[in-house]
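Spelled out, the chains give:
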4 protein chains.
Amino acid sequence: MTLVLTELPSSTQEAVAATRERVAALHAELPRNELVVWTAGNVSERVAATDPAVPGLMVIKPSGVSYDELAAENMVVCTLDGEKIDDGTPASLVPSSDTAAHAYVYAHMEEVGGVVHTHSTYATAWAARGEEIPCVLTMMGDEFGGPVPVGPFAIIGDDSIGRGIVETLEGHRSPAVLMQNHGPFTIGKDARAAVKAAVMVEEVARTVHISRQLGEPLPIAQEHIDSLYDRYQNVYGQHDQKG
Amino acid sequence: MTLVLTELPSSTQEAVAATRERVAALHAELPRNELVVWTAGNVSERVAATDPAVPGLMVIKPSGVSYDELAAENMVVCTLDGEKIDDGTPASLVPSSDTAAHAYVYAHMEEVGGVVHTHSTYATAWAARGEEIPCVLTMMGDEFGGPVPVGPFAIIGDDSIGRGIVETLEGHRSPAVLMQNHGPFTIGKDARAAVKAAVMVEEVARTVHISRQLGEPLPIAQEHIDSLYDRYQNVYGQHDQKG
Amino acid sequence: MTLVLTELPSSTQEAVAATRERVAALHAELPRNELVVWTAGNVSERVAATDPAVPGLMVIKPSGVSYDELAAENMVVCTLDGEKIDDGTPASLVPSSDTAAHAYVYAHMEEVGGVVHTHSTYATAWAARGEEIPCVLTMMGDEFGGPVPVGPFAIIGDDSIGRGIVETLEGHRSPAVLMQNHGPFTIGKDARAAVKAAVMVEEVARTVHISRQLGEPLPIAQEHIDSLYDRYQNVYGQHDQKG
Amino acid sequence: MTLVLTELPSSTQEAVAATRERVAALHAELPRNELVVWTAGNVSERVAATDPAVPGLMVIKPSGVSYDELAAENMVVCTLDGEKIDDGTPASLVPSSDTAAHAYVYAHMEEVGGVVHTHSTYATAWAARGEEIPCVLTMMGDEFGGPVPVGPFAIIGDDSIGRGIVETLEGHRSPAVLMQNHGPFTIGKDARAAVKAAVMVEEVARTVHISRQLGEPLPIAQEHIDSLYDRYQNVYGQHDQKG
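Definitions and cut-offs
- Along each chain, residue indices are assigned from 1 in the same order as the chain's sequence is written.
- To read the labels, note that chains go from A and ligands from 1, taken in the order they are written.
- In keeping with the model being predicted, local features are shown solely for residues with a pLDDT of at least 70 and side-chain atom pairs are shown and tallied solely at 80 or more, while totals for entire chains, interfaces and linings include all residues.
- Side-chain metrics in this entry use all non-hydrogen atoms of the structure; hydrogen atoms and water are not considered.
- The contact criterion used is simple: two residues touch if any of their non-hydrogen atoms lie within 4.5 Å.
- What gets called buried area is simply the loss in accessible area from a 1.4 Å probe that two parts show on being joined, summed for both.
- The working definition used for a salt bridge is a side-chain nitrogen of Lys or Arg within 4 Å of a carboxyl oxygen of Asp or Glu.
- Here a polar contact is taken to be a pair of N or O atoms separated by no more than 3.5 Å, where protein atoms must pair a possible hydrogen donor with a possible acceptor and residues adjacent in sequence count only if both atoms sit in side chains.
- Under the DSSP-based scheme used, a helix requires at least four consecutive residues in state H or I and a strand at least two consecutive residues in state E, with every element numbered from the N terminus.
- Under the scheme applied, nonpolar residues are Ala, Val, Leu, Ile, Met, Phe, Trp, Tyr, Cys and Pro; charged residues are Asp, Glu, Lys and Arg; polar residues are all the others, including Gly.
- The superposition of copies rests on a least-squares fit of C-alpha positions from residues with pLDDT of 70 or more in both.
- Aromatic pairs are defined between Phe, Tyr and Trp rings, using the six-membered ring for Trp, whenever the two ring centres lie within 6.5 Å; interplanar angles under 30 degrees are classed as stacked, those over 60 as edge-to-face, and all others as tilted.
- Charge-over-ring placement is defined geometrically: NZ (Lys) or CZ (Arg) within 6 Å of the ring centre, and within 35 degrees of the ring normal.
- We call two strands paired when DSSP finds no fewer than two bridges between them.
- Angles run from 0 to 180 degrees between N-to-C directions of axes, and those axes are lines fitted to C-alpha atoms, restricted for helices to the stretch in contact.
- Working rule for angles: under 35 degrees goes down as roughly parallel, over 145 as roughly antiparallel, 65 to 115 as roughly perpendicular, anything else as oblique.
- Whether a crossing is left-handed or right-handed is set by the direction in which the near helix is turned from the far one by less than a right angle, anticlockwise for left-handed and clockwise for right-handed.
- Three labels apply to residues, based on accessible area from a 1.4 Å probe with only protein chains included: buried if under 20% of the type maximum, exposed if over 50%, partly exposed otherwise in between.
- Here, nonpolar core means buried Ala, Val, Leu, Ile, Met, Phe, Trp, Tyr and Cys residues that are tied together by side-chain atoms lying within 4.5 Å of each other.
- Without a salt bridge and with relative accessible area above 30%, a residue can belong to a patch; like charges are then joined within 9 Å and nonpolar side chains (Val, Leu, Ile, Met, Phe, Trp, Tyr) within 5 Å.
- Each accessible area value is a Shrake-Rupley result obtained with a 1.4 Å probe; residue values ignore everything except the protein chains displayed when judging cover.
- In this tally, Lys and Arg are treated as positive and Asp and Glu as negative; His is ignored, and so are the chain termini.
- The atom standing in for a charge is NZ when the residue is Lys, CZ when it is Arg, CG when it is Asp and CD when it is Glu.
- UniProt positions are given in the numbering used here, feature names are shortened, and annotations may be inferred rather than shown by experiment.
- To estimate how far a helix should extend, the number of its residues minus one is multiplied by 1.5 Å.

**Comments concerning the interface of chain A and chain C**
Counting residues at the interface gives 33 residues for chain A and 30 residues for chain C. Across the chain A/chain C interface, buried area totals approximately 2900 Å², and carbon plus sulfur atoms make up 62% of it. Across the contact surface, chain A and chain C share one salt bridge. For A:Arg32, the salt bridge is made with C:Asp68, and the minimal N-O distance between the two is 2.9 Å. Here chain A is connected to chain C by nine residue pairs in polar contact (both at pLDDT 80 or more). It is helix 7 (residues 191–213) of chain A that contributes the most residues to the side of chain A that touches chain C, 11 residues altogether. Each residue belonging to the side of chain A that touches chain C can be placed in one class, and the counts come to 14 nonpolar, 10 polar and nine charged.

**Some words on the relation of the copies chain A and chain C**
Least-squares fitting of chain A to chain C yields an RMSD of 0.0 Å, with the transformation described by 0.0 Å of translation along the axis and a rotation of 90 degrees. Both chain copies can therefore be described as sitting about a four-fold axis. Across chain A, the smallest distance between a C-alpha and the rotation axis is recorded for A:Gln213, namely 5.3 Å. Comparing contact sets, just 3% of the residues at the interface of chain A also lie at the interface in chain C, consistent with a heterologous contact between different surfaces.

**Describing the packing of aromatic side chains**
For the structure shown, the criterion picks out zero aromatic pairs over all chains. Note that B:Arg129 overlies the ring of B:Trp126, its terminal NZ or CZ placed 4.9 Å from the centroid.

**Notes on the interface of chain B and chain A**
Across the contact, 32 residues belong to chain B and 29 residues belong to chain A. Here chain B packs against chain A, burying approximately 2900 Å² in sum over the two surfaces, 61% of which is carbon and sulfur. In this assembly, chain B and chain A are joined by one salt bridge. Taken together, chain B and chain A are joined by nine residue pairs in polar contact (both at pLDDT 80 or more). Looking at the side of chain B that touches chain A, the elements that each hand over two or more residues are helix 2 (29–32), helix 5 (138–144), helix 7 (191–213) and helix 8 (222–234) of chain B. Sort the elements by how many residues they give to the side of chain B that touches chain A and helix 7 of chain B lands first, with 11 residues. In terms of residue class, the side of chain B that touches chain A is built from 14 nonpolar, nine polar and nine charged.

**Comments concerning the sheet that holds strand 7 (residues 183–188) of chain B**
Residue and element names in this part refer to chain B. Strand order in the open sheet made by the seven strands is 3-2-1-4-7-6-5, with mixed pairing throughout. Among the strands making up the open sheet, the edge pair consists of strand 3 (76–79) and strand 5 (150–151). Note: strand 5 against strand 6 (residues 176–179), two bridges, orientation parallel. For Gly 151, the partnering residue across the bridge sits in strand 6 and is Met 179. The strands touched by helix 1 (residues 10–27) are strand 1 (42–46), strand 2 (57–60) and strand 3; relative to strand 1, the strand with the most contacts, the crossing angle is about 155 degrees. Against the sheet, helix 7 touches strand 1, strand 4 (114–117), strand 6 and strand 7, its axis set at about 145 degrees to strand 7.

**Describing the pattern of salt bridges**
Residues and elements named next belong to chain D. Counting across every chain of the model gives 44 salt bridges over all chains. Between Glu 29 and Arg 32 there is a salt bridge, with the nearest N and O atoms lying 3.1 Å from each other. Taken together, the residues Glu 29 and Arg 32, both in helix 2 (residues 29–32) and three residues apart, mark about one turn of the helix.

**Considering the packing of helix 4 (residues 121–129) of chain B against helix 7 of chain B**
Residues and elements named next belong to chain B. Contact geometry of helix 4 with helix 7 gives a least axis separation of 7 Å together with a crossing angle of 65 degrees. As judged from the angle between their axes, helix 4 and helix 7 are roughly perpendicular. Crossing of helix 4 over helix 7 shows left-handed handedness. Seen from helix 4, the contacting residues are Thr 121, Tyr 122, Ala 123 and Trp 126; seen from helix 7, they are Glu 202, Ala 205, Arg 206, Val 208, His 209, Ile 210 and Arg 212. Looking at the contact of helix 4 with helix 7 residue by residue, the class counts come to six nonpolar, two polar and three charged.

**Some points on unusual backbone geometry**
The backbone of A:Asn181 sits at a positive phi, close to 60 degrees, despite the residue not being glycine. Within the fold, A:Asn181 resides in the loop between strand 6 (176–179) and strand 7 (183–188). A positive phi angle, near 50 degrees, is found at D:Trp38, a position not held by glycine. Within the secondary structure, D:Trp38 sits in the loop between helix 2 and strand 1 (42–46). The class of D:Trp38 is buried, set by a relative accessible area of 13%.

**Observations concerning the nonpolar core**
Most often, soluble globular proteins keep nonpolar side chains buried together rather than apart. Of all hydrophobic cores here, the largest spans 220 residues; its most connected members are A:Met140, B:Met140, C:Met140 and D:Met140. Those residues in contact with A:Met140, other than ones at most four positions away along the chain, are A:Ile133, A:Pro134, A:Cys135, A:Gly145, A:Gly146, A:Pro147, A:Val148, A:Val204 and A:Val208.

**Observations concerning a negative patch on the surface**
On the surface, a cluster of negative charge is made up of A:Glu34, B:Glu34, C:Glu34 and D:Glu34. Tracing the chain through its elements places D:Glu34 in the loop between helix 2 and strand 1. Using a relative accessible area of 54% as the deciding quantity, one classes D:Glu34 as exposed.

**Things to note about the packing of helix 3 (residues 99–108) of chain D against helix 6 (residues 160–170) of chain D**
Residue and element names in this part refer to chain D. Two numbers describe how helix 3 lies on helix 6: the axes approach to 8 Å, and their chain directions differ by 45 degrees. With respect to their mutual orientation, helix 3 and helix 6 come out oblique. Classified by chirality, the crossing of helix 6 by helix 3 is right-handed. Taking contact as the criterion, the partners of Ala 101, Tyr 104, Val 105 and His 108 in helix 3 are, on helix 6, Ile 161, Gly 162, Arg 163, Ile 165, Val 166 and Glu 170. Within the contact of helix 3 with helix 6, the residues separate by chemical class into six nonpolar, two polar and two charged.

**Here's the deal with the pairing of strand 1 (residues 42–46) of chain C**
Residue and element names in this part refer to chain C. Of all the five residues making up strand 1, four are buried; the element is thus mostly covered by neighbouring parts of the structure. Inspection of the sheet shows strand 1 paired to strand 2 (residues 57–60) by three bridges, in the antiparallel sense. Residue Arg 46 lies in a different strand from strand 2, and its bridge partner there is Met 58.

**What to know about the pairing of strand 3 (residues 76–79) of chain A**
All names here are of chain A. Residues of strand 3 alternate between two faces, with Val 76 and Cys 78 on one and Val 77 and Thr 79 on the opposite face, all of them buried. In the sheet, strand 2 (residues 57–60) pairs with strand 3 via four bridges, with the strands oriented antiparallel. Within strand 3, the position partnered with Ile 60 by the bridge is Val 76.

**Considering the UniProt feature "domain: Class II aldolase/adducin N-terminal" (unreviewed entry) in chain A**
With numbering aligned to this structure, UniProt lists the feature "domain: Class II aldolase/adducin N-terminal" (unreviewed entry) at residues 21–209 of chain A. Each end of residues 21–209 of chain A is marked by a C-alpha atom, and these two atoms are 35 Å apart; helix forms 35% of the span and strand 15%.

**Focus: helix 7 (residues 191–213) of chain D**
Residues and elements named next belong to chain D. End to end, helix 7 covers 33 Å across 23 residues, agreeing with the expected 33 Å (1.5 Å per residue, within 8%). In terms of residue burial, helix 7 counts as a mostly covered element, since 19 of its 23 residues are buried. One or two steps after helix 7, the chain reaches Gly 215, where phi turns positive at roughly 145 degrees.

Spelled out as structure tokens, the structure:
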């Protein structure tokens, strides 16, 4: 019993259309910020609930389509079980192979409205060693409130990637997790915030890596990390919407 | 007795024209993905056989022409012995100096429809040490199904480069080989797939290099590599054509 | 008692308008030179004093606005206490969260007309180790006249960042300081010169870092550093305005 | 007794005009290939001798002008003593501060028609250690015919930079020299060839650096280097003009 987009309430159809526009546009940030090559990487966003009778939905990139061809009309609509609904995209456009992981996050973390996955170079390099990124930059204090944690090794095929993401993020302030041997997943209140976290995790992964190449970065005291994080999330945070 | 393009069957002429368009367009991916500088690097594609009376043909970049000037009409047509046919390009446009290596691959690997050669930085850095890239990333499991192997030292002048490529690739799942002190050669079912492999081999060469700068990446168990490779080639693979 | 831009002398209003144009345009140099990601980084310029009755003013980037949207009309005007004046920008555009540090520099270093702050990768990597960049390149002799010094760890909230910048720069020829665990701040006679210093500090941070990865760079004798610096500031310097 | 361009034979004026076009256009290759930041770097070309009564001339970039503003009409014409002639550029446009070094090369190496100087990152990093780049890549055999040598430490003010370049290059096949603590200078039969050498020296400096970060690159036997160099300069070389 597949959901059919054109049979859903018009408020839902409008929310889906707006989400598709946003998700398609945000994909351009991934190559622009050099987080992806070829067709790798994906952005998704939860569709705002406008009608209690409609199950939760998300919009995600189709699988294997080049970044130049990512228009709103070929973004795929799925349920939070990761199943594509009858959404008007050609049958050949199947959702990203990481859809199950995104869906698991939405299903288990109510506050999350956007998810991004990349294989960005430096973050993936830390992930390949299974090593968390220590919080040695004030911008990490601001954005991550501590280290960027590592999630378990997991391969596609069941819900083990999704579970690994959720279980790791629930114990940290960080909106990014480095899945071992795989790469970063990031979350945010919407897709834009998750994309920002994907940009920032690569930035801090690169800067801390380079710093450590010639010695040990100086630690930042926990009280300063707390202070940076509180201020950024509460004071600067209110203006962050514009960014 | 040089072949003359305009004397070949019209089906062959059409196949050549289409191949030239594709090969010219794909060359833009090499600088775009930062795999080449100046006039280095080359893409070729086998011309689909449309007439049993016509010997095997390939289309390749001319030698020493800048990437800005690579139009379909100056792509060179060669036999699988690496000889330019009378193809309508100016006599001054000779085929890439790597043509013999490409031709050897087509002549000896029937399933190969595209070949790419670059000196991309990180892949060439592994090649200069004669060291294979270990499979420590899930995306390597997906795309390469194991390590990226090293081929022998060989210099231009006989068929030793071509032989080195073929003998090395026949023992591996990888569509990429790092020719020692030289650089990567990649293969695919068509030129687009070989270009994708050229992009991916540089990506994994860079990521694994950076990971190893600060410690040893964690190995992935062979059974997981097998599982990643099987799934990607069989499930994801069917959609890969779009990429 | 907030200053109102439209009530200030017309000479001041004109100076503000011209400064806004320059500061907005110069922000484009930060992403162009790969010194910033997302909305990080900021440029400010002191408004030329045209009327003794008007207190000192500066123009700075608004907080959290993307680089694509940085037009002259949303550059924020502040006093040298870091307070936004009633300047015609929407109330939602608050000045950069680094405004207090910029203002402190203008208030305490009369000769400074421009300030830039970034988290550029290599400069920040040195800052995270709290290590100054040694003067081992002739271009460092030219531009910095010695090492690039490190300033103290300081967090946003009082004037400790501004004080750290001023106290460190006063003991050095360098127009750049690496604030520990944070990133570079640079100064100049105007915003353009401070942007140039931000570009150059990242360039020398990167080059010296890479040089040191494989051994120790050769020192340059102090007399040669002095000679390079004197010549560049005095002979080449006169033409530097065009730059 | 300053030379006046408009009083020189028309054949010389035409040669100057054509050289200015080429030199201006080639400067675009420096930022495009990421060899320079801000206003650093310079390209020059010898003006072809068309009249035995006219002393040798060269065209070079003006000092401190941004890459966006480098039009043919502001390229500066100098004698091989490095003196600007009355060439129609505004008096404010003085020749690059490296003009004396370029002029010395033209005056002492008859076969050289083009000179380029940059501070490109990896080449400068080797220069800062005073370490030659070993010939461990087949493309180095092709282009450099051996290692890239290091020239002496020398500072602007007399002819010591020019002498250092000439004395070092005369003992090597390499068209590039790494001036200690300073950066690369490259030569060629014309400016285009010198720009190519500037691109290639950075490419091999980067690749060999990265290779050595994780171990020692494998040497290439001298006979193979000789064979690569001979073939490339003699066989491939004839087509190199097109590149």
